[in-house]
Amino acid sequence: MRLILISLTALFLTGCGIQSIPQAKNATEAALAEVTNQYKRRADLIPNLVSTVKGYAKHEQETLEGVIQARASATQITLDPTKTTPEDLQKYQAAQGQLSAALGRLMVVSEQYPNLKADANFRDLQAQLEGTENRITIARQRYIEAVNLFNNQVTVPPTSWTNSLFYHHAKMPQWDLSPDEKAKAEKAPDVQF
Amino acid sequence: MLALFGLFFSLLTQATAVQFPALTSPVVDEAGILSSQERTEIESWLYGYRQSGRAQIQVVTVKTLGDLPIEQYSIELVEKWKLGGQKTDDGVLFLIAPNDRAMRIEVGQGLEGALTDVQAKRILDDRVRPLFKEGKYALGIAAGVHDIIRAVDPEYANNPNPVPQGRGKAKVPTWLVILMILFLIFGGGSRRRRGFLGGALAGGMMGGLGGRGGFGGGGGGWSGGGGGFSGGGASSNW
């Protein structure tokens, strides 16, 4: 009788996690795919933005070139969510961070051209960029939550026991800002009047 | 751009303990910028729109954003309220923070193609902002809602007979129904006792079903249906 009870308990405990661990892993992959999706959306907006700015700010070649090159490097790195190592993710983030910085510079420069700012096309592009940046932020936040849920499944008993018995998944590293973004975020913003 | 970095950084570092208002009706006027007549008019408009099987548009005014950027406040609020249907993701939030002079339209995933970021921005900047600058809050909100409806309506054009949302019948828990049926079948004992019990339960059930209207004028409730949001929309200020 006691043997039956013990084996039933063991079965129940190890049953915890049989489904939820792979589900949590899939959720992290889906969340990462969504992040890359939003970054791609941003990259697609850029050519239009560059040509609009060029129309008004021909002398800002350097800044425009910076954006074009940063975009090219960023789009070259692709991520396969099902087999992404932490190093892959770091490289991807670094490239996107540099594109963010280049875009930031372009927007600052655009402030100096009132005709550009008044241009309806430019205003629309600004709205689209802001929307995309917001989506990127939210996608990253959800990725962090998905990774957290997965890590909990894998490290917290009883699902962690199932993991050690069957799946042997390692804990996933939590998402982090790229070094460029960190440096920028930690620096106090330049307020110029 | 920097504001958005700030948003992200704050998401990492802040533990938000902001209080969100409760979802009681299509217009939640926590900041008190609408008169009660203005509020009820817009409420019936939005309630009727939802009843006709179309988008769940929500207006909310708040006293404070609690130091959160409006985009972060907005996404946390819609994740809490879950506006829109689960499969259709057709919720729209029109958030106004008069003390911060900031506003945002948050668009559900299902409507991002109809109400694009650019359109949302135009509605806020070109239609609502001039009215808000003159302090005409009710007019501004009405104009914004009108333009939102105009943008999302085509989504429902192919559906001439949309399924009307139920009149929000107060849910009677299943166990209570089963209990009632059992009582009625196995009432047993004296006739008089069974009659009394049956009557009491029936009375209770009728009371429960008698339209626990969340807001005056409506018989049904108002709540989110589990819709998803991915950050689409636009913010502005005045």
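It should be noted that the structure appears before, not after, this text.
Residues numbered from 1 in each chain as written. Chains lettered and ligands numbered in written order. Predicted model: local features only at pLDDT ≥ 70, side-chain atom pairs only at ≥ 80, totals over all residues. Heavy atoms only, no water.

Engineer: Describe the nonpolar core, with residues and values.
Structural biologist: Residues and elements named next belong to chain B. Counting residues in hydrophobic clusters, the biggest one holds 33 residues, and the most contacted among them are Phe94, Ile96, Ile105, Leu115 and Ile141. Looking at this core, the elements that each hand over two or more residues are α2 (36–51), β2 (56–61), β3 (91–97), β4 (102–108), α4 (117–133) and α5 (137–152). Here the element with the most residues in this core is α5; it accounts for eight residues. If you look at the next biggest cluster of nonpolar residues, it comprises 23 residues, including Leu23, Trp81, Leu83 and Ala102. (Core = buried A, V, L, I, M, F, W, Y, C linked by side-chain atoms within 4.5 Å. Buried < 20%, exposed > 50% of the residue type's maximum accessible area, 1.4 Å probe, protein only. Helix = DSSP H or I, 4+ residues; strand = E, 2+ residues; numbered from the N terminus.)

Engineer: Describe the environment of Gly85 of chain B, listing the residues and the values that go with them.
Structural biologist: All names here are of chain B. Within the secondary structure, Gly85 is located in the loop between α3 (70–81) and β3. Owing to a relative accessible area of 12%, Gly85 belongs among the buried residues under this scheme. Contact partners of Gly85, with chain neighbours within four places excluded, come to Arg50, Asp90, Gly225, Gly226 and Gly227. (Contact = heavy atoms within 4.5 Å.)

Engineer: Would you mind going over the side chain of Ser230 of chain B in detail, with residue names and values included?
Structural biologist: Positionally, Ser230 of chain B belongs in strand β5 (residues 229–237). The exposure class assigned to Ser230 of chain B is buried, which follows from its relative accessible area of 8%. Of note is the side chain of Ser230 of chain B, whose polar atom sits 2.8 Å from the side chain of Glu112 of chain B. What Ser230 of chain B contacts, discounting residues up to four positions off in sequence, is Arg135, Ile138 and Arg142 of chain A together with Gln109 and Glu112 of chain B. (Polar contact = N/O pair within 3.5 Å; in protein donor to acceptor, adjacent residues only side chain to side chain.)

Engineer: So what about the packing of aromatic side chains? Which residues, and what values?
Structural biologist: Given two aromatic rings, their pairing is described by the distance between the two centres and the angle made by the two planes. For the structure shown, the criterion picks out six aromatic pairs over all chains. Ring geometry for Phe132 of chain B against Tyr137 of chain B: centres 5.2 Å apart, planes inclined by 70°, an arrangement best described as edge-to-face. Each of the two residues, Phe132 of chain B as well as Tyr137 of chain B, counts as buried. Through a chain of ring-to-ring contacts, the aromatic side chains of Phe132, Tyr137 and Trp238 of chain B assemble into a single cluster. It is Lys25 of chain A that lies over the ring of Phe150 of chain A; its NZ or CZ is 5.9 Å from the centre. (Phe/Tyr/Trp six-rings, centres within 6.5 Å; stacked < 30°, edge-to-face > 60°. Lys NZ or Arg CZ within 6 Å of the ring centre and 35° of its normal.)

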